[in-house]
Amino acid sequence: MTTLLRVEGLTRLFGGLVAVNKVDFDVEEGKIIAIIGPNGAGKSTLFNLIGGTISPSSGKVFFAGNDITGWKPYSIARAGIARTFQTTALFEELPVYVNLVIGHRMRTRSGLWDVILHTPRQKREKNETTAKVLEVLEFTELGEYINAPAGSIPQEAQKRLAIGVALMGNPRLLLLDEPTGGVGMGETDNIIALIDRIRAKGVTVCVIEHKMRMIMSLADRIVALNFGVKIAEGDPQRVCDDPAVIEAYLGECIA
Ligand SMILES: Nc1ncnc2c1ncn2[C@@H]1O[C@H](COP(=O)(O)OP(=O)(O)OP(=O)(O)O)[C@@H](O)[C@H]1O
Ligand SMILES: [Mg+2]
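Since the structure is predicted, the reported quantities are computational estimates derived from the model, not experimental observations. (Residues numbered from 1 in each chain as written. Chains lettered and ligands numbered in written order. Predicted model: local features only at pLDDT ≥ 70, side-chain atom pairs only at ≥ 80, totals over all residues. Heavy atoms only, no water.)

Undergrad: Hey, could you go over the coordination of the magnesium ion (ligand 2) for me, with residue numbers and the actual values?
TA: Those donors, S44 (OG) and Q86 (OE1), are the protein atoms that reach the magnesium ion (ligand 2), and they lie 2.1 to 2.2 Å from it. Taken together, the residues S44 in helix α1 (residues 43-51) and Q86 in the loop between β6 (81-83) and α3 (96-105) connect sequence positions 42 residues apart. Residue S44 is classed as partly exposed on the basis of its relative accessible area of 22%. (Donors = N, O, S within 2.8 Å, 3.2 Å for Na, K, Ca; no water. Helix = DSSP H or I, 4+ residues; strand = E, 2+ residues; numbered from the N terminus. Buried < 20%, exposed > 50% of the residue type's maximum accessible area, 1.4 Å probe, protein only.)

Undergrad: Report on the environment of P236, specifying residues and quantitative values.
TA: For P236, the position within the fold is in helix α9 (residues 236-241). The buried category is assigned to P236, whose relative accessible area is 7%. Note: C-alpha distance between P236 and M216 (20 residues apart in sequence) is 6.4 Å. Sequence-distant contacts of P236, defined by excluding residues within four places in its chain, comprise M216, A219, D220, R221 and I222. (Contact = heavy atoms within 4.5 Å.)

Undergrad: Break down the sheet that holds strand β10 (residues 229-234) for me, citing the residues and quoting the values.
TA: In sheet architecture, strand pairing relies on hydrogen bonds along the backbone and comes in two forms, parallel and antiparallel. Pairing in this open sheet of six strands is mixed, and the strands run β6-β7-β8-β3-β9-β10 from one edge to the other. Every interior strand has two partners, whereas the edge strands, β6 and β10, have only one. Going from strand to strand, the sheet's axes swing by 15 degrees on average, the running direction of each strand aside. With five bridges joining them, strand β9 (residues 221-226) and β10 adopt antiparallel strand pairing. Opposite L225, over in β10, you have K230 as the bridge partner. The sheet contacts of helix α6 (residues 155-167) involve β6 and β7 (173-177), and relative to β7 the element is tilted by about 155 degrees. (Pairing = 2+ DSSP bridges. Axes fitted to C-alpha atoms, helices over the stretch in contact; angles between N-to-C directions.)

Functional significance is not addressed by these values, which are geometric in nature.
Listed below in C-alpha cells is the structure:
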C-alpha cells in the first residue's frame with residue numbers, strides 16, 4: 001500500500017480560534033476516506049490547508065512523497081490534487097461543456113501567441129481538450145446537458161459537473177467538500193455511483209459528508225473531527241460506534 005497523502009500535526013489558527021488542531025492522518029492510494037464532524041469542526045479548513053488556499057500555522061502536508069506545505073494552489077493542482085468546494089463554484093451562465101473546458105485550462109500550456117499563430121501546440125491542446133471534455137461528459141453522465149447553462153441543470157447534476165470540472169485535470173487525489181450538499185436524500189444515487197466509478201479508475205478520494213448512508217456505502221476509512229481535533233479514525237462501522245463520535249455528532253452518526 002502506498003501512502004499518497006500524509007497530514008502531520010496540521011494546525012490552523014484564526015485569531016484565537018484553533019480551527020484545525022494538530023491533525024494527523026494518512027491516505028492510502030486508491031482508497032476513499034470520509035471526513036466527518038459537526039458544523040464548524042474544521043473539515044473545510046482541512047481541505048483548504050491541503051489544497052493550499054490557506055497556509056497552516058504549523059504542521060506539514062506530504063503528497064506522493066513530496067512536502068507540499070506552503071505550495072501555491074496551482075502548484076498543488078499541477079502535482080495532482082483537485083477539489084470541489086462546499087458551495088458549488090460553477091460559471092452558471094456558461095454551458096456545461098465550457099465549464100469543463102475552463103477546468104482543463106490549468107493543464108494546457110498554450111500562450112497568446114500559440115492561439116494567434118495556430119501553432120501545432122495550440123492545435124494539439126485544442127484536440128486534447130475536446131477529447132477530455134467528451135470523456136468527462138460521458139463519465140459524469142452529463143451528455144444530455146452539454147449545451148445547457150450550468151445554472152439551469154438540476155442541483156444534483158450541477159454537483160456532478162463540479163466533480164467533472166475537477167476531473168478535467170486528471171487528479172491522483174480528489175477532495176470533495178459535501179458533494180451531496182443541498183441535494184435531497186432520494187437524489188444522491190447518481191453522485192454515489194460517480195464517486196464509485198472514480199475510485200474504480202484508481203483515483204484516491206477524500207470526501208467531507210454529513211449523509212451517513214453515503215459514507216457507509218463508500219468510505220474505506222473515516223476520520224472524525226470535533227473542534228478541530230481528530231477524535232476518531234478507522235473502519236467506518238467502528239468510528240460510527242465510537243462514543244466520542246456519537247456525542248459530538250449528537251447521535252446523528254447512525255448507519
Ligand atoms: N477564513 C476564516 N476566517 C476566520 N475563521 C474561519 C475561517 N474559515 C473558517 N473559520 C472558522 O473555523 C472553524 C472551522 O470552520 P470550517 O469551515 O472548517 O468548518 P466545517 O467543519 O467545514 O463546517 P461545516 O460542516 O459547517 O461546513 C469555524 O469556527 C469557522 O468559523
Ligand atoms: Mg465545511
